[in-house]
Amino acid sequence: LFDATPERKNTAAAQAQERYELAEQLLAADPRAAERNYRRAIELSPEPFYAAYVDLGALLCEDEHQCGEALRVFDQALEHFPDDAVLHFNRAVALDTMGRLDEARRSYEQCLAIDPNYADAHHNLAIVLDKRGDRRGLIRHLNAYRKLSN
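Here the residue index of a chain counts from 1 through its sequence in written order. Local features are withheld for residues below a pLDDT of 70 in this predicted model, meaning they are given only at 70 or higher, and side-chain atom pairs are given and counted only at 80 or more; totals for whole chains, interfaces and linings count all residues. Side-chain metrics in this entry use all non-hydrogen atoms of the structure; hydrogen atoms and water are not considered.

Enquirer: So, the nonpolar core: which residues are in play, and what are the values?
Expert: Residues enter a nonpolar core if they are buried and are Ala, Val, Leu, Ile, Met, Phe, Trp, Tyr or Cys, with the set joined through side-chain atoms within 4.5 Å. The buried label goes to any residue with under 20% of its type's maximum accessible area, the exposed label to any with over 50%, and the partly exposed label to all in between, with areas taken from a 1.4 Å probe on protein chains only. Core analysis: the largest hydrophobic core is formed by 42 residues, its most contacted members being Tyr38, Tyr108, Tyr118 and Ala121. In this text, helices come from DSSP runs of H or I with a minimum length of four residues, and strands from runs of E with a minimum of two, each type numbered from the N-terminal end. Residue assignment for this core shows that the elements contributing at least two residues are helix 1 (12–26), helix 2 (31–44), helix 3 (50–61), helix 4 (67–80), helix 5 (85–97), helix 6 (101–114) and helix 7 (119–131). It only takes one pair of heavy atoms within 4.5 Å for two residues to be counted as in contact. Ignoring any residue separated from it by four or fewer positions in sequence, one finds Tyr118 in contact with Ala85, Val86, Phe89, Cys111, Leu112 and Leu148.

Enquirer: I'd like a description of the side chain of His122, backed by residues and values.
Expert: Positionally, His122 belongs in helix 7. Under the relative-accessibility criterion, His122 is labelled buried at 9%. Within the structure, the side chain of His122 is placed 2.9 Å from the side chain of His141, a separation counted as a polar contact. Those residues within four positions of His122 in sequence are excluded, and the remaining contacts are Leu112, Pro116, His141, Ala144, Tyr145 and Leu148. In the analysis that follows, any N or O atom pair within 3.5 Å is treated as a polar contact, provided that within protein one partner can donate a hydrogen and the other can accept it, and provided that, for residues neighboring in sequence, both atoms belong to side chains.

Enquirer: Outline helix 2, supporting the account with residue identities and numerical values.
Expert: To estimate how far a helix should reach, multiply one less than its number of residues by 1.5 Å. Along its 14 residues, helix 2 runs 20 Å from first to last C-alpha, staying within 8% of the 20 Å computed at 1.5 Å per residue. When helix 2 is considered as a whole, its buried residues turn out to be Ala33, Ala34, Glu35, Asn37, Tyr38, Ala41, Ile42 and Leu44. In the core, the buried residues of helix 2 are packed alongside helix 1 and helix 3.

Enquirer: Tell me about the pattern of salt bridges, and please be specific about residues and values.
Expert: Take a side-chain nitrogen of Lys or Arg and a carboxyl oxygen of Asp or Glu: if they are within 4 Å of each other, that pair is a salt bridge. Per the stated rule, a full pass over the model turns up 10 salt bridges. We note a salt bridge from Asp75 to Arg91, for which the minimum N-O separation is 2.5 Å. In this pair, Asp75 sits in helix 4 while Arg91 sits in helix 5, placing the two residues 16 residues apart along the sequence. The class of Asp75 is partly exposed, set by a relative accessible area of 28%. Classification of Arg91 as buried rests on a relative accessible area of 18%. Residue Glu109 pairs with Arg105 through a salt bridge whose shortest N-O separation is 3.0 Å.

Enquirer: Account for the packing of aromatic side chains, with residues named and values stated.
Expert: Centres within 6.5 Å are what make two rings of Phe, Tyr or Trp a pair, Trp counting through its six-membered ring; a difference in plane orientation under 30 degrees is then read as stacked, over 60 as edge-to-face, and the rest as tilted. Tallied over the full model, the rule gives 5 aromatic pairs. Note on Tyr20 and Tyr38: the rings are 5.7 Å apart at their centroids and 50 degrees apart in plane angle, and the pair reads as tilted. Placement of the pair is Tyr20 in helix 1 and Tyr38 in helix 2, with a sequence separation of 18 residues. Its relative accessible area of 13% is what places Tyr20 among the buried residues. When the ring of Phe89 is compared with that of Tyr118, the centres are 4.9 Å apart and the planes differ by 20 degrees; the resulting orientation is stacked.

Enquirer: Residue-level account of the environment of Ala119, with values.
Expert: Here Ala119 shows up in helix 7. As for Ala119 and Pro48, which are separated by 71 residues in sequence, their C-alpha atoms are 27 Å apart. Non-local contacts of Ala119, meaning those with residues more than four positions away in its chain, are made with Tyr145, Leu148 and Ser149.

Here is the structure:
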């Protein structure tokens, strides 16, 4: 069992970590409670809490209607971690889900500028380019995806 009163911890960092761990435990059974605890971990943490941002954004984006909020979480995280490929990728997924394909393309491209070997970014960018009618881009990124996936 877990301690449901993280405020008893004596430091903000420890409280933030406990809230994060509580969110992880609640994720499957009570996503809304997990969301509240991820948010509290971010608020409490004296330093930007990377994992809490990533996990909160991913949780929100599971509900298509919350992708806008997930996008805000990823944008907030990118203020602290501007060169993080995973955050740019997740931002692109949120934009893609919302149908904002041009912005999604730019975010996938930013992800790949940081990490050219990010296979899933090549795959998703290929799909976006196909939707935009860019057959040459589709083929280029699908080929990159295939090479990286083997």
